Structures are given as C-alpha cells and as structure tokens.
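So you can see what is in the structure, the chains are spelled out below.
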Amino acid sequence: MLKATIKSLLGRKLRLLMSTFAIVLGVAFVGGSLIFSDTLGRSFTALFASTVGDVVVRPAGAGAGLGASTVTIPASVVDDLESVPGAARVDGNVTAFGVYVVDKDNKVVGGQGPPAIGGNYSDAPAGHDLPGLALTEGRPPRGPDEVVFDAKTAQRSGYFIGEKVHIVTSSDQALLTPKLVGILDFPEGGSLNGATFAAFDTSTAQDLFLEGEDAFTDIWVTADDGVSQTELRDAVSERLPDGTEAVTGDTAADEAASDLLEAISFLRTFLLIFAGISLVVGAFLIVNTFSILVAQRSRELALLRALGASKRQVTRSVLVEAFLVGVVGSTLGLGLGVLLAMGIRALFANFGLDLTGQALIFAPRTVLACYVVGVLVTMAAAWLPARRTTRIAPVQALRDDIALPETSIHRRLLLGLVGIGVGAAAMGAGLFTDVPRGGWVLGLGILVVLLGVTAVSPVVSRPFLAAAQGTYRRVFGTVGNLAGQNSLRNPRRTTATASALMIGLALACTMAILGDSAKASVDEAVEENFVGDYVVSSVFGEPFSPTIATKMAEVEGIDRVVRQRWAQAERDGDFFGIAGIDPADTEFLGIRMVQGTLADFTDGSVLVDEGWAEDEGLSVGDTYTVEKTPKGELELRVAGIYAENPVIFFPTVTTLETLKQQGYPTSDNALILDAGPDTVGLQGRLDAVVKDLPIVTVKDQAAFADEQRAPIDQLVLMIFALLGLALVIAVLGIVNTLALSVIERTREVGLLRAIGLSRGQLRLMITLESVVIAVLGAVLGVVLGICFGIAMMYAVRDEGLEVISLPWAQLAVFLAASVVVGVLAAVFPSRRAGRLDVLRAIATE
Amino acid sequence: MSNPAARVVGLTKTYGTGEARIVALDDVDLELAAGEFTAVMGPSGSGKSTLMHCCAALDTADEGSVFVGDQDLTKLKDKELTRLRRDQIGFVFQSYNLVPTLTAQENIVLPLAIAGRKPDAAWYDEVIATVGLGDRLTHKPNELSGGQQQRVAVARALVSRPTIVFADEPTGNLDSRSGAEVLELLRSSVSDHGQTVVMVTHDPVAASYTDRVVFLADGRIVDEVRAPDRDQVLEIMARMTAVADGV
C-alpha cells in the first residue's frame, strides 16, 4: 500500500508541485516571522555589549530611558578613579543626542528611529576586551574643526576624509562644518543598528554639548586582566562622589537593550500576529488544495476499495501522502522563510532599523514550529476529504462522474453562524470589557468570525455568484455564461479560495479605516486647536537648537515666538511626558483652566490635564512627586487643572526653567509663531532661517496637519506591505485552484476547443472565473473590514480618536485591485489550458 | 456526384520513433461524398480513429493533405483550424462530452453561441423536433439518460449546419435501443437534410445504417461496400480477421 501511495504521488508531478507549493508558502511565512522576531530579540543585546566599558560610572538615578540630560560628572572624578585597584584605564565620555549629519544634498542621514549621536573620540576598549568602535581610517580628531564618523554614516552621507561636512545639533551652535579626518568601525564586527555617530576631540565635545564645562556624561573604567566587572564596580563605587553611581558593563548593556527591546516590542508582537495570519491563510490554501486533489483522486481511491483495500488503508494512504508532502513542503518552506526573514530585515533597514550586520537567529523552536505547522495542517487538510472519499461505494469507481458526499450545507451554515456569534461576542468582550489579555481575546474573536464567515460563505455567496453569472452572460455572452456557471459549479471551492483573499483584505480594510479615522481625528484636533500662524518643529520630533527661536523672533513680521520643550520622566515605573512652556504663553496657547488659576503657574509647579488629574487623583495644591528625572526626584506643586488641549502633547505642563533646573537640555521641541498683519513673503523669510538646518521645518496650519498625518500614513503603509504578502498567498491560492480545476476539467476544455472555442475565448473564460473568485473575496473582505474597523474605532473613541471615517476611495481601490488580482491569477492556468492538446484532452478520463 | 465534402490525399501518420514506431495511416486516399453517410470500420489499431481525427482538424498529418470543402487543413494555423472546427465541422463523441454546467438546450446551441451567431430558427426547431427531447431541454446533462445525452450531442453537431459531421463510436456507450435512436437521427439528417456524416464504428449493425462502409487495416483502406447490410459487413470483417490471423 505504501508503495502504491508513493508511486501515485510521484506519478502526478504537477499535483505534487501544487500541493507542496501551498505548504511551502504557509510555512515560509511562519518561519520567516519567527526567525526575524528572534533576530530582533537578540541583536540588540549584542549591539550594546560592544558599546559599554567594563564599568560605567554615570549620574545617579539616570538609568536609561529618560533620554538626553545635562547632568554631568566632573572631570576630576576620572583622575580620582585612575588609582582604583584593578582599573587598567579610565576614560571620560561625552555623549549627546540630536547631532545630525547632513549629506551633500542637504538631507539628514538616518533620523527616524535610531538616534543621531554626537560625542568625544576615545580609544577606550569596550567591556570584556571587545575592541568597540575604533579608528580604522585616517586619524583622531583634533581641535574644534575636525570630526570623525562611524563608517556607515560616512558611507551613507557620501563624505570622504578631508572634506568639510555638515552637522546640525540641538545645542547653541546649531550648524557645524568641521573637516572629516577619520572613520570609526567595529574591527571585529558589530553595528550601530542605524544610529549615526559623530565624534570630536574631548574639549570640543565639551564645548559643544556641555556648555564648555570640564566634565563628562559618563565614565568607562577598564578592568585589569583577571579583575571581574563586579569586583571593579565595587572598588570604583567606594571612590565615587555623591550623585554618581557605578554599574557593570553587563548591567548597562542589559538596561539599554531592554529599553530598546521594549520600544520595539510592538514590532515582535506585530510580526507574530502576522505569522498567525499567514498561518491561517496558508492553512486555507493547504486545505483547499488537498480537498481538490483528493476529490480528483476519488476515482482511484474507490478503485483501490473495489480491489479490496479497507477504508483504513485508503485513509492511511492519503495520510501518508500528506505526511510526505508535508515534510517536503515544510523543509522547503523553512528555507524560503529564511529568505523572507532577510527580506523583512531589508525592509526594516529602509525604515531606519538597520540590522543587516546581524546574523539571523535560527532557533530550534522555529524549526519545530514550521514542521508541526506544515505537517499537521497538511495531514488534517488531507484527512477531512479522505474520510469523505471512503464513504463512496466502491462500485462508483467504475462510473463516469463521482460526486463526493458533502457534509450537509445546513449543518455548515449553522456552525458558521454560531462561529460568527461566538467570535463577535469575543470581540465585544475584548473591546468593551476588562477581560485579561483583551488584545488576544479580540484577535481570537476576529479569527473565529473569519472562520465562521468562511463556513457560511458558500450559502451567502450564492446570490453574488448568481448575479455575477447573469452579468457575465449579458456582457460576455456564452463565454461569460460558461465562466459564471463554472464558479457556481462548486460554491464551496469558489468561496474557500476567495476566503484567503477575504482575510487579507478584511485586515487591510480594518487598517485603512483605523488609519483614516486617526487622520480625521488629527485634522479635527489641529483645526480646533491650532493657535498662532506657524509651527516650527523637527521632522523627527527631536529637539533642536534654542538659537532658532531667537532668530525667528528677529524675523520681520513675527510678533511672538512660543517655545515648547518635551521631557521624559518616570513615576511608578512608567515613563510619561512633561511639556515645558513659558508661563507668559499659557493664555496664547489657549490653555483653559478647569480648576485653579494661571497666575499660580510658576517655577516648581505643574499644570495637569483633566484626564491625568482623574487618573492620578490630583487636585489643586497637591504635591506631585516625580521619581526619576536626570537629577533624581522632583516635587511639583499642582497649580491647576486644565481642559485637554491637543496643542500640548503631554498631560502635564511645567515651566521651562523648572525643566532646565532638573537637568533637561535647553533645546526646543516645537515653536509656535504668531505673525503680525503683514504676512507677505513671511514664509520665505522664515524658511531662510532654517535653510541649512534640514531637521527643522516651518509650517502653516495645513502643512502642520499634513505632517501630523504623515506618520499614520507611514504606519498604515508598512502594515499594508506585510498584508501584501498575505495577498500574495491568496493570489497563489487562486492560481492553484484554477490550475487544478483546469486539470479536473481537461476533457471539457478539450471538448470546448473541439467545437470551436478559440484560445482567446478559453483564456477569457478562465480569467472571468478567476475575477469572480477575487471580487467575491474582496467584497466579503471589505464588508468584514468595515465591520471590524468600525468596532475598533468605537472601542478606542475615548482615547482622542473620536472621528470614524471610512476611506471610500481606498475601499473602492481595493475592489478594483481585486479585479486585477483575478486577471493576474488567471494568467498561468489559462495559458496552460490554452496549450492543452485538444485530442488528448478529450481522451482524458 | 457533387464535390466531395472532404477528401484526404496521400495521408500518412506515424507515432513514436525507432523500434516503437507505429504507422497509423499509410498513404491513405479517400473521398467523402457530400450528402452521404459513411462508416469507417476496422479492427482496433487499424487507424480509423486517427483518420477521423485528421479529417476533423483535431490531429495533424505527417504527410499528404486533408481537405474539408476546398480548404487544405495542412496549410491552416491554429486560429483558422479553430474557426474551421467551429463553422464547418460537427462532432459526436463516444462519451457524449456535454458541458455539465449547461442545460441541454444551451449545449445544443453552444457552437453557434461561441461563434456569436444566432441559430436559424426554422432549422433549430427542426433539429429540436428530431432530437425529440421535449420538455427535457432545460435539464442539465446529469439529469438525462445516456441516449438522451447522445441525442443532445448529435443535435449540437447538426445545429450549425456543418459541412461534415464526424461521429466517433457514437453508440459505443449505449444500449441497443438508445443506439438505434441515435443512428436513426444521424440517418435522417443525411436522408432528409443532405448532411454529410462520417462515423467510426465497429458495430456491424451501426454500419448497416450507412450508405457506404470503408474498411481499414494496418493504416490502409482494404475494402469498401456500398449500401451495406449487416451480414455483408460481418462477412468482410470475418475475412479481415482471418487475414490478420494468417489463416
């Protein structure tokens, strides 16, 4: 029996290819997502290992995550530590953020995501004798007019050693034009993962970033041979002045890595969700393919039964075939998954997260998951139709047409409706109640709804398919009629094929609706709250030099310049944002007090918005304690509670001076400009101020709204790119079904050709059938997507996204695109059908 | 006699190469007169099916020419062959070969519909009447008996008034009564409407409905009978078998 199975398997190469293909794709997506996710998990730990010393001395309480600070350690500490037993050398570092390299086309290198770092050049080795970032070309920088870049930044900016470069900082000296004298790189491999690094000599770095203070932002102590990091840390700690702390390099690296991991943890979740989607879509493809294949083999299987094989033997034969195909498919899929992970890595590099220097992580779990998924799904997919096959009376093998007994359509309908009900309930629970892991419940609900819709779709799609057939008949005549009839011939197959597309499009539509609604909310917020005439802000939301505000105030026609600074602080282990403004500007910004008066808003006090006050239980006069700022704990007096105001991006507001005292940098995050009556040529004069500073732009209300919408568009686009891959599986599913249908109907195709159907007409017929499937999937997907999208928007309506907006144009594009998808999917099957030898086709049994 | 509906000149067709080379047709010359019912008979492997397929533009000749009307099939491209099959040739297959998704009626007019033509109403009515399906015309093929399906297939072949109708073992799958009905249908199309019909068969009874029987053996025409009766055909076939067996 086994021999017969393998013979039958090898005897039909195309069938083998088709079914394997389905598995390969499904598994590849699971494998690719897992591999990339693991790689994301590990690369950062590796990265930071070579960017910390054996022991790091830093201002106490700084930790990581608060971003830039002006708190420093005096240079004298370096001298003190040199005599610590076990210390081989001590090096002071200056590190500043928001130091952008601008390339020859006046474009910022990098920018989004990974930081732009400036600092001092040091030849100190990293911890554990790692070489760290070291000079590989040229010479170290000397004096105020020389700089070195890391190799990747040099390459991306296109500057060569000896050339004058262009650097924009957020300090008082907004624009620098030093000469590039050297290149830094990791001699033993490693990467800054997309960050840029520009280093000056130590005194220049101190002048630029520490206002000339002879101090450092942190200190590296390198251990003597045989001295451990912990021993050295303890020895160092004894000599430290108050306000500083020593941590081992391992700790510092872990902290930095876990911070970054947390920042990108949504990416991993996202990828895993995506793997789940791929798996479901892939499983659809596999189940569908095997149903068709087994149906096509039913005659052969019935013959085996007639020859005396037992039901169990027949089932086993199908399962063995599925197992073999599953193993082969999973193996190939795993290989393709690696390629896919490389593709995602390249995609992320485009978004600024450059991991190209990191090897992909190939965990045993990934291999296991791929095989389990590939083999089990395949066997399950084969088992269902195989069981049906065994119910065929053996005598039917001798007849011409075999109809497989199908499960009752009513039972299926009922099952599907129950599924939709349960799924909708789960979605509701996930959205509106406080069940634990609401996100998972919601996702599961969506999945169950999708499966339910798939189950009922053969019934609910009937009117659609019938209408399509009628339309086709009118528009395309007989060929159209034939195509329409074919899609109605086996509604289960048609709808199962369409389901893969439905899932992808339902999710795409949901995202489109979320994105569009978010944009509409932004527009509304901007319209209602935009004050002044222009907004000056960084393209990347990063701080910029305070000198820009000073220069803007001097521009003719500008009456007033309002600064905003944003700071990160930590309370109860959670980070939150504090906005800093000048108390004189509160009225201009339209801050409406609900409690307290603006007159009480002075240094050392804080204004909180209504929501925050409620969450934290604050009222006027209370003391609000912020546990972590660059200078440690900060106590603020609550001066008032204001109505939520979208111009203020954070729930708490304090004064500029308070932030400065607490060690936050004095760079600005946003400026609001109020113009006088004469605005002729004003935009041009303002643009001239920031001409050489491409990180900053001057926008009027419309441009500001555009800029606020841009990140939403980008996120939606990224999700579309990933869902696009699900679309690819769906298209291949259609190709698969059509190709198999053509094989199944070989004789009929031959007949049609024999009685005069031209190749063109045949191709048209298959293309029309394909388009019906694709449009059906799209219609179901768009309808579901609209339901999901509205449900989700409804759920988040309290969080500042009040507008539910349906992007009709985009949804129409989805439907139109599905027609194109249908046409494309038909290319291969219809060519194949066209090439069939008429005579042989008719003779086919 | 008028011009032949189809003729083959020096038709040769081989399959395979080397040792496995089989000569299916060996320099065959044949004229098929218009308005005649011709049967092609011969033992299995005699080349009768190949001959028909070549005449019907379903297969290509290695050597020689095939004419349907005045057109030399060997000089036509696929597109022209398709049009020729559509407009000038009708088919009846052993296994009916109806399109399962279409009703009997839709199947009958399919060749015309594909060509984008309307059936000639009077002729259509007549064909429908002779097929004698009555109210079953709106049924799908799987709701019809074998004989009914084959009568639909014959009607499909006749409805476009082709130059020639080819029937490949049209009664092979039918019981004798259904078979007789199909043969009557073909006979009357020739006698009453002047249709040219060529039928491949190895049933002597079927052959007795025709005007002329051509016997093939080993790819050559070996005998021919006009206005055959069943016994005559049987006798020739027995003789051929005897020759083949070397008795």
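The shown structure was predicted, so the numbers you read here are calculated from the model rather than taken from an experiment.

A. Structural view of the overall build of chain A. Of the regular secondary structure elements, chain A holds 22 helices and 25 strands. Here chain A holds 845 residues, and 49% of them are scored as buried. In chain A, the share of contacts with a sequence separation of at least 24, taken over all contacts with a separation of at least 6, comes to 83%.

B. View of the overall build of chain B. Scanning chain B from terminus to terminus reveals eight helices and 10 strands. Its C-alpha atoms give chain B a radius of gyration of 18 Å, near enough to 18 Å, the size a compact globule of 247 residues would have. Overall, chain B is about 55 × 40 × 40 Å in size when its C-alpha atoms are taken along their principal axes. Here chain B holds 247 residues, and 47% of them are scored as buried. Long-range pairs, those at least 24 residues apart, make up 69% of the contacts in chain B with a sequence separation of at least 6.

C. Region of interest: the interface of chain B and chain A. Between chain B and chain A, the residue contacts involve 20 residues of the former and 19 residues of the latter. At the level of elements, α2 (78-88) and α3 (104-115) of chain B are the ones that each hand at least two residues to the side of chain B that touches chain A. Per-element tally for the side of chain B that touches chain A: the top contributor is α3 of chain B, with five residues. By residue class, the composition of the side of chain B that touches chain A is 10 nonpolar, six polar and four charged.

D. Geometry of helix α1 (residues 48-55) of chain B. All names here are of chain B. With respect to burial, α1 is a largely interior element, eight of its eight residues being buried. For α1, the full list of buried residues reads K48, S49, T50, L51, M52, H53, C54 and C55. A57 lies just past α1 and shows a positive phi near 65 degrees.

E. Here's a closer look at the confidence of the model for chain A. Within chain A, residue pLDDT values average 82, and 90% of them lie at 70 or more. Between the elements of chain A, mean pLDDT differs from a low of 65, seen in helix α1 (residues 2-11) of chain A, to a high of 94, seen in strand β8 (residues 146-150) of chain A.

F. The arrangement of the sheet that holds strand β7 (residues 164-168) of chain B in detail. Residues and elements named next belong to chain B. The strand order β6-β7-β8-β3-β9-β10 describes an open sheet built from six strands, whose pairing is mixed. Here the strands that pair on one side only, and so sit at the sheet edges, are β6 (89-92) and β10 (220-226). Strand after strand, the sheet turns through a mean of 20 degrees between neighbouring axes, direction not considered. The pairing of strand β3 (residues 37-41) with strand β8 (residues 197-200) spans four bridges and is parallel.

G. The arrangement of the environment of A121 of chain B in detail. All names here are of chain B. By the secondary structure assignment, A121 is in helix α4 (residues 121-131). Exposure remark for A121: the 8 C-beta atoms within 10 Å place this residue in the exposed category. The spatial distance from the C-alpha of A121 to the C-alpha of N173 is 31 Å, given a sequence separation of 52 residues.

H. Spatial organisation of the sheet that holds strand β5 (residues 100-102) of chain A. In spatial order, the strands read β5-β9-β10 (chain A); together these three strands make up an open sheet with antiparallel pairing. Of all the strands in the sheet, the pair left with one neighbour each is β5 and β10 (175-176) of chain A.

I. Just the confidence of the model for chain B, in detail. Residue and element names in this part refer to chain B. Looking at chain B, pLDDT values average 86 and 97% of them are 70 or higher. At the level of individual helices and strands, chain B shows its lowest average pLDDT in helix α8 (residues 230-245), which scores 79, and its highest in β8, which scores 93. Across the assembled chains, the prediction reports ipTM 0.79 with pTM 0.71.

J. Spatial organisation of the environment of A841 of chain A. Residue and element names in this part refer to chain A. Relative to the helices and strands, A841 resides in helix α22 (residues 838-843). By C-beta crowding, A841 is classed as buried, having 20 other C-beta atoms within 10 Å. A sequence separation of 88 residues divides A841 from R753, and the C-alpha atoms of the two residues are 9.5 Å apart. A841 has contacts with T746, R747, V749, G750 and L836, leaving out every residue within four places of it along the chain.

K. Structural context of the packing of α4 of chain B against helix α5 (residues 146-159) of chain B. Residue and element names in this part refer to chain B. One can describe the packing of α4 onto α5 by two numbers: an axis separation of 10 Å at closest approach and a directional angle of 160 degrees. In this view, α4 runs roughly antiparallel relative to α5, as classed from their interaxial angle. Viewed along their axes, α4 and α5 form a crossing whose handedness is right-handed. Here Y124, V127, I128 and V131 of α4 come into contact with α5, specifically with R151, V152, A155, L158 and V159.

L. Structural context of unusual backbone geometry. All names here are of chain B. You will see that E169, though not glycine, has its phi angle at about 50 degrees, which is positive. Here E169 shows up in the loop between β7 and α6 (176-193). Residue A227 is not a glycine yet carries a positive backbone phi of 45 degrees. Here A227 lies in the loop between β10 and α8.

M. Broad picture of the pairing of β3 of chain B. All names here are of chain B. When you tally the buried positions in β3, you get five out of five residues, the bulk of the element. On β3, burial covers both faces: F37, A39 and M41 on one face and T38 and V40 on the other are all buried. Where β3 lies against strand β9 (residues 212-217), four bridges are found, and the strand directions are parallel. Within β9, the position partnered with V40 by the bridge is V214.

N. Expanded view of helix α12 (residues 462-489) of chain A. Between its terminal C-alpha atoms α12 of chain A stretches only 11 Å, short of the 40 Å expected from 28 residues at 1.5 Å a residue. Of all the bends in α12 of chain A, the largest measures some 155 degrees and sits at F476 of chain A.

O. Region of interest: the environment of I695 of chain A. Residue and element names in this part refer to chain A. With respect to the helices and strands, the residue I695 is situated in the loop between α17 (682-689) and β25 (696-699). A residue is classified by how many C-beta atoms lie within 10 Å of it, and I695, with 23 of them, is buried. For the pair I695 and N106, spaced 589 residues apart in sequence, the C-alpha separation works out to 9.7 Å. Beyond its immediate stretch of four places on either side in the chain, I695 contacts Y100, V108, V168, S538, V539, F540, E542 and F544.

P. Here's a closer look at the packing of helix α20 (residues 759-795) of chain A against helix α21 (residues 808-835) of chain A. All names here are of chain A. Across the interface, α20 lies against α21 with an axial gap of 7 Å and an inter-helix angle of 145 degrees. Viewed along their axes, α20 and α21 form a crossing whose handedness is right-handed. A class-by-class count of the residues in the contact of α20 with α21 yields 18 nonpolar, seven polar and two charged.

Q. Expanded view of the pairing of strand β4 (residues 63-68) of chain B. All names here are of chain B. Alignment of strand β1 (residues 4-15) against β4, held across five bridges, turns out to be antiparallel. In the strand pairing of β4, A6 is matched with V68. As judged from the two bridges shared by β4 and strand β5 (residues 71-72), these two strands associate in the antiparallel manner. Across the sheet, F67 pairs through a bridge with D72, a residue of β5. What sits between the antiparallel neighbours β4 and β5 is a turn of two residues, in which G69 has the positive phi angle 65 degrees.

Criteria and thresholds
Residues numbered from 1 in each chain as written. Chains lettered and ligands numbered in written order. Predicted model: local features only at pLDDT ≥ 70, side-chain atom pairs only at ≥ 80, totals over all residues. Helix = DSSP H or I, 4+ residues; strand = E, 2+ residues; numbered from the N terminus. Buried ≥ 20, exposed ≤ 12 C-beta atoms within 10 Å, placed from the backbone. Contact = placed C-beta atoms within 7 Å. Rg over C-alpha atoms; globule rule 2.2 N^0.38 Å. Nonpolar A, V, L, I, M, F, W, Y, C, P; charged D, E, K, R; others polar. pLDDT = per-residue confidence, 0-100. Pairing = 2+ DSSP bridges. Axes fitted to C-alpha atoms, helices over the stretch in contact; angles between N-to-C directions. Parallel < 35°, antiparallel > 145°, perpendicular 65-115°, else oblique. Left-handed = near helix turned anticlockwise from the far one by under 90°. Expected span 1.5 Å × (residues − 1). Bend = angle between axes of the 7 residues up to and from the residue.

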